[in-house]
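Descriptive analysis of the structure
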Amino acid sequence: MSTNVVVIGSLNMDLVTRAPRLPRGGETLIGHSFATVSGGKGANQAVAAARLGAKVSMVGCVGTDAYGVQLREALLAEQIDCQAVSVVEDSSGVALIVVDDNSQNAIVIVAGANGSMTPAVIDRFDAVLQAADVIICQLEIPDATVGHALKRGRELGKTVILNPAPASRPLPADWFAAIDYLIPNESEAAALSGLPVDSLETAEKAAAHLIALGAGKVIITLGAQGSLFANGTGYQHFPAPKVKAVDTTAAGDTFVGGFAAALAAGKTEDEAIRFGQIAAALSVTRAGAQPSIPTTSDVQAFKPA
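Parameters and conventions
- Residues numbered from 1 in each chain as written.
- Predicted model: local features only at pLDDT ≥ 70, side-chain atom pairs only at ≥ 80, totals over all residues.
- Heavy atoms only, no water.
- Helix = DSSP H or I, 4+ residues; strand = E, 2+ residues; numbered from the N terminus.
- Contact = heavy atoms within 4.5 Å.
- Expected span 1.5 Å × (residues − 1).
- Buried < 20%, exposed > 50% of the residue type's maximum accessible area, 1.4 Å probe, protein only.
- Salt bridge = Lys/Arg side-chain N within 4 Å of Asp/Glu carboxyl O.
- Axes fitted to C-alpha atoms, helices over the stretch in contact; angles between N-to-C directions.
- Left-handed = near helix turned anticlockwise from the far one by under 90°.
- Nonpolar A, V, L, I, M, F, W, Y, C, P; charged D, E, K, R; others polar.

Concerning the environment of Ala178
With respect to the helices, strands and loops of the structure, Ala178 is situated in the loop between β9 (159–162) and β10 (181–182). Placed 10 residues apart in sequence, Ala178 and Glu188 show a C-alpha to C-alpha distance of 19 Å. Contacts of Ala178, omitting those with residues within four sequence positions, involve Leu150, Lys151, Arg154 and Val160.

Set out below in structure tokens:
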């Protein structure tokens, strides 16, 4: 199949519990519900890009367990090319997620098969990367593989997006020159820059720092405050669409996938950011990760609350 977006990253089965609030250390809570939902930041972004208009290929690894079968089938159901989704002798990745009554969440990830994503995997499926217009990476696979994928994307002249999630420390210095769009949230921007990010003003300082390190352009997603775009010559604030949040899981992934799909379709940066924002806003009005991701028609029909 023809492809215009390639997502290189994780596939996880999300084990989701809803509870009145997030538990404290050593505490046992009675939850409201439990569900297993296909997820992983890589797979979520692939599904988002596909539902939002892109032709998508996924590069990743799943285990030999039942979760691996389900994760792959979930992508195939979205018409995502899975020739580069390998089955390895391991358990599939999982994410343990607790969502509270205020729609905030806490997540623990176990990499499983995602840890088998080596630079050799990227090389084996180089033809998939060559077919793309846009390449997306995140940080739920080994750092060496992410760095290798970013640099190969730059060598091939593709538009390279890094969603640095989850991030707890600065990125390797030699990654930045390969990144066209660096898309962190507030906490990730703070971790990468070493600066606090708690307002538009502090977000601008963090974005300037990341561009000084070599990133092409930076989009910091700020939740209800919208997004900040920085290109090295100025800043632009994009207010968030107004919605009633139910579950924020996969909102960031939906933004990244929607932004990439819009870029691949020839939209301007402004148009792509607004498109991604509406898609992300719609996702938080629904429960779950991949089940919450909207379609292009949903975005086109959106009317703010």
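Observations regarding helix α5 (residues 143–155)
With 13 residues, α5 extends 18 Å from end C-alpha to end C-alpha; this agrees with the ideal 18 Å at 1.5 Å per step. When we look at burial in α5, the residues that qualify are Thr145, Val146, Gly147, Ala149, Leu150 and Gly153. Elements in contact with the buried residues of α5: β1 (5–8), α3 (119–124), β8 (134–137) and β9. The positive-phi residue at the C-terminal boundary of α5 is Gly157, with phi of around 75°.

Digging into the pattern of salt bridges
Taken as a whole, this structure holds 11 salt bridges when the rule is applied. For Arg51, the salt bridge identified is with Glu78, shortest N-O distance 2.7 Å. Remark: Glu78 occurs in the loop between α2 (66–76) and β5 (81–87) and Arg51 occurs in helix α1 (residues 41–51); sequence separation between them is 27 residues. Exposure remark for Glu78: the relative accessible area of 22% places this residue in the partly exposed category. The closest approach of N and O atoms between Glu269 and Lys217, which form a salt bridge, is 2.4 Å. Here Glu269, found in helix α9 (residues 269–283), pairs with Lys217, found in strand β11 (residues 217–221); they are 52 residues apart in sequence, far enough to count as distant. Taking the relative accessible area as the measure of exposure, Lys217 reaches 26% and is therefore partly exposed.

Quick look at α1
Of all 11 residues in α1, 11 are buried; the element is thus mostly enclosed. Backbone geometry just after α1 places Gly53 at a positive phi near 110°.

Focus: the packing of helix α8 (residues 251–264) against α9
To characterise two packed helices, one gives the angle between the axes of the helices and the distance between these axes. Contact pair α8 / α9: the axes reach a minimum separation of 7 Å and the direction vectors enclose 145°. The interaxial crossing formed by α8 with α9 has right-handed handedness. For the pair formed by α8 and α9, the contact residues are Ala251, Thr254, Phe255, Gly258, Phe259, Ala262 and Leu263 on the first element and Glu269, Ala272, Ile273, Phe275, Gly276, Gln277, Ala279, Ala280 and Ser283 on the second. Its residues placed into classes, the contact of α8 with α9 shows 10 nonpolar, 5 polar and 1 charged.

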